[in-house]
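In case you want the letters, here they are:
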Amino acid sequence: MIDINEGKTNNYLIHGIVVIVTSFILAGLTSVTSQLLYIPAAVLFIFAILLFAATNGLQLDIANEKYRRYGKIGNQIFGQWHPITEPVSAVLMLHAENAFRGTAPMMGRVSTLDTKTLTYDIQITDGFKKKHLIYSFLEYKKATQALKEIHEALNIPVQNKVAEKLAENKRKRR
């Protein structure tokens, strides 16, 4: 079993904020109502801390030919398993996504860039030529580590398109 933990990605940040605000409200209500509200307030506060410390990652079960993107809160791991039969090759590629502010650009006017998201995606092709996007990493280092572990565990050819593009850009500058 391959387990690549990406670390804290703040996927549960909003949930944690809502839970911690709720725990503060309950703690504040204890002065007006029953002192027993301290118990649920403390439980919610601890749960909020667990949400802030939550991590994400990728698990590949080689023996059963399946993978999952998972979330981990405390010791609890959750995520749906997906089958991947007879993997043939794996590719690491860069994915860029842009989001523009409020309105779409009009003729003669350029819209300012609001956000740009870069992810490093690992895609595995199975024996039926079906492509599986197994994970989108936020860090290049973690993505290359995952690609290396996939290559060693599955013994399939891998291609790092990001490294190839970086090398090509370096060659062009010379």
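Residues numbered from 1 in each chain as written. Predicted model: local features only at pLDDT ≥ 70, side-chain atom pairs only at ≥ 80, totals over all residues. Heavy atoms only, no water.

A.B. asks: Even after reading the chapter, I still don't get the overall build of the chain, so can you show me in this structure?
C.D. replies: Broken down by element type, the chain carries four helices and nine strands. For the chain, the N- to C-terminal ordering of α and β elements is β-α-α-β-β-β-β-β-β-β-α-β-α. At 22 Å, the chain has a C-alpha radius of gyration far larger than the 16 Å of a compact globule built from 174 residues. With respect to the three principal axes, the spread of C-alpha positions in the chain is 70 × 55 × 30 Å. Across the 174 residues in the chain, those meeting the buried criterion constitute 30%. (Helix = DSSP H or I, 4+ residues; strand = E, 2+ residues; numbered from the N terminus. Rg over C-alpha atoms; globule rule 2.2 N^0.38 Å. Buried < 20%, exposed > 50% of the residue type's maximum accessible area, 1.4 Å probe, protein only.)

A.B. asks: Help me understand the packing of aromatic side chains in this model?
C.D. replies: The relation between two aromatic rings is expressed through the spacing of the ring centres and the mutual angle of the planes. Tallied over the entire structure, the rule returns four aromatic pairs. Pairing Tyr12 with Phe78 gives two aromatic rings, centres 6.2 Å apart and planes at 65°, and the pair type is edge-to-face. Note that Tyr12 is positioned in the loop between β1 (2–7) and α1 (13–29) and Phe78 in strand β4 (residues 76–78), a separation of 66 residues in sequence. You can call Tyr12 buried: its relative accessible area is 17%. For the cation-ring pair, Lys66 lies above Trp81, with the distance from its terminal atom to the ring centre recorded as 4.9 Å. (Phe/Tyr/Trp six-rings, centres within 6.5 Å; stacked < 30°, edge-to-face > 60°. Lys NZ or Arg CZ within 6 Å of the ring centre and 35° of its normal.)

A.B. asks: Is there a simple way to think about the pairing of strand β2 (residues 55–61) in this case?
C.D. replies: Two faces, one strand: in a regular strand the side chains alternate between the faces of the sheet. β2 sits mainly inside the fold: seven of its seven residues count as buried. Residues Thr55, Gly57, Gln59 and Asp61 point to one face of β2 and Asn56, Leu58 and Leu60 to the other, with burial holding for every one of them. Sheet analysis places β1 next to β2, joined by five bridges and oriented antiparallel. Its bridge partner lying in β2, Ile4 is registered against Leu58. (Pairing = 2+ DSSP bridges.)

A.B. asks: Where do I start with the pattern of salt bridges in this structure?
C.D. replies: For side chains of opposite charge, pairing can occur when their charged atoms come near one another. Across all of its chains, the model carries two salt bridges by this definition. We note a salt bridge from Glu168 to Lys172, for which the minimum N-O separation is 3.2 Å. Placement of the pair is Glu168 and Lys172 together in helix α4 (residues 161–173), with a separation of four residues, close to one helical turn. Counted as one network, the salt bridges with shared partners bring together Lys165, Glu168 and Lys172. (Salt bridge = Lys/Arg side-chain N within 4 Å of Asp/Glu carboxyl O.)

A.B. asks: Can you walk me through the environment of Tyr120 in this structure?
C.D. replies: Mapped onto the secondary structure, Tyr120 falls in strand β7 (residues 113–126). Separated by 16 residues in the primary sequence, Tyr120 and Ser136 place their C-alpha atoms 5.4 Å from one another. Beyond its immediate chain neighbours, meaning those up to four positions away, Tyr120 contacts Leu92, Met93, Leu94, Tyr135, Ser136, Phe137, Leu138, Glu139, Tyr140, Ala143 and Val162. (Contact = heavy atoms within 4.5 Å.)

A.B. asks: Would you explain the side chain of Gln123 in this entry?
C.D. replies: One can find Gln123 in strand β7. By relative accessible area, Gln123 is classed as buried at 18%. For Gln123, the contacting residues outside a window of four places in its chain are Ser89, Ala90, Val91, Met93, Lys131, His132 and Leu133.

A.B. asks: Would you take a moment to explain unusual backbone geometry for this structure?
C.D. replies: Working note: non-glycine residues mostly have negative phi, and peptide bonds are mostly trans. A positive phi angle, close to 60°, is found at Asn10, a residue other than glycine. Examined against the element boundaries, Asn10 turns out to sit in the loop between β1 and α1. You will see that Asn155, though not glycine, has its phi angle at about 55°, which is positive. Assignment of secondary structure puts Asn155 in the loop between α3 (140–154) and β9 (158–160).

A.B. asks: Just checking my understanding: could you explain α1 for this structure?
C.D. replies: Given 3.6 residues to a turn, an α-helix orients residues that are three or four positions apart in the same direction. Here α1 is 17 residues long and its end C-alpha atoms lie 24 Å apart, about the 24 Å a rise of 1.5 Å per residue gives. Turning to α1, its buried residues number three or more, namely Gly16, Val19, Ile20, Ser23 and Leu26. Seen from one end, α1 has its buried residues packed into an arc of 120°, which puts them on one side. Residues of α1 that are exposed and point more than 90 degrees away from the buried face comprise Ile14, Val18, Phe24 and Ile25. As for α1, its buried residues are in contact with α2 (38–52). (Expected span 1.5 Å × (residues − 1). Arc of directions from axis to C-beta.)

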